[in-house]
Amino acid sequence: EAGVAQSPRYKIIEKRQSVAFWCNPISGHATLYWYQQILGQGPKLLIQFQNNGVVDDSQLPKDRFSAERLKGVDSTLKIQPAKLEDSAVYLCASSLSSGGYTDTQYFGPGTRLTVL
Amino acid sequence: QKEVEQNSGPLSVPEGAIASLNCTYSDRGSQSFFWYRQYSGKSPELIMSIYSNGDKEDGRFTAQLNKASQYVSLLIRDSQPSDSATYLCAVNRGNQGGKLIFGQGTELSVKP
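Okay, so let's go over this structure. The structure presented is a predicted model; accordingly, all values stated were derived computationally and were not measured.

## Topic: the interface of chain B and chain A
- Contact with chain B, which involves 21 residues of that partner, is made by 24 residues of chain A.
- A combined buried area of about 1600 Å² lies between chain B and chain A, and 53% of that area is made up of carbon and sulfur atoms.
- When the area that chain B buries against chain A is broken down by residue, the three leading residues are B:Gly98, B:Lys99 and B:Phe102, summing to 27%.
- One can count one salt bridge joining chain B with chain A.
- Between B:Lys99 and A:Asp56 there is a salt bridge, with its nearest N and O atoms 4.0 Å apart.
- At the boundary of chain B and chain A, one finds three residue pairs in polar contact (both at pLDDT 80 or more).
- Every element with two or more residues in the side of chain B that touches chain A is listed here: strand S4 (32-38) and strand S9 (85-92) of chain B.
- Considering each element in turn, the side of chain B that touches chain A owes the most residues, four residues, to S4(B).
- Counted by class, the side of chain B that touches chain A contains eight nonpolar, 12 polar and one charged residues.

Dropping the structure here:
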């Protein structure tokens, strides 16, 4: 079974530029998560989708970050404009069912973003 | 106070020893608890999940949960150099869907 796919794996941009990340979850997984992991910290949830609806985006900086999950499968996360503090690894994860407290989340390889 | 706290380490143990990793959490209503392993430059990989008080064993790994004291621990028996990684404790509060709150992670180094 293929795992969670993400692209690109690495991205370097100048501040104030825009960037987009793509995620393809495990086939059949209903719930998709985007996490931000800053160096030396644990992942922090940015947004959770169940199918193509948003469940939780309370920690998404909506003035610059946006995300969508079309047709309940692939998802894109966009940052516009980027700031220096956005330098981090962006992890996509998916889980099989409705995102309940026993759901196991499987992580993709991540996209390492460097903002100069 | 952080919601999920871990000692950042590094924790250094000799090969073959027991490594003990600890995690405390602040929300008494938290429902489920997870340990992820993260090698440098890689993504988190689930090792154990635990939902009720007591011990849960899987191979060389044992997770321990004490909800009254609000702590969860991970024991690694017969530690191997390949166990050297950062171990992340994650907590699901139970009232926010699948949202996980992660600690900062404990770096474990197993010396041959």
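## Regarding the environment of A:Glu68
Residues and elements named next belong to chain A.
- Tracing the backbone through its elements, the reader meets Glu68 in strand S7 (residues 65-68).
- Along the backbone, Glu68 and Thr114 are 46 residues apart, and their C-alpha atoms lie at a distance of 22 Å.
- Ignoring anything within four residues of it in the chain, the contact list for Glu68 reads Phe49, Asp74, Ser75 and Thr76.

Parameters and conventions
- Residues numbered from 1 in each chain as written.
- Chains lettered and ligands numbered in written order.
- Predicted model: local features only at pLDDT ≥ 70, side-chain atom pairs only at ≥ 80, totals over all residues.
- Heavy atoms only, no water.
- Contact = heavy atoms within 4.5 Å.
- Buried area = accessible area lost by both parts, 1.4 Å probe.
- Salt bridge = Lys/Arg side-chain N within 4 Å of Asp/Glu carboxyl O.
- Polar contact = N/O pair within 3.5 Å; in protein donor to acceptor, adjacent residues only side chain to side chain.
- Helix = DSSP H or I, 4+ residues; strand = E, 2+ residues; numbered from the N terminus.
- Nonpolar A, V, L, I, M, F, W, Y, C, P; charged D, E, K, R; others polar.

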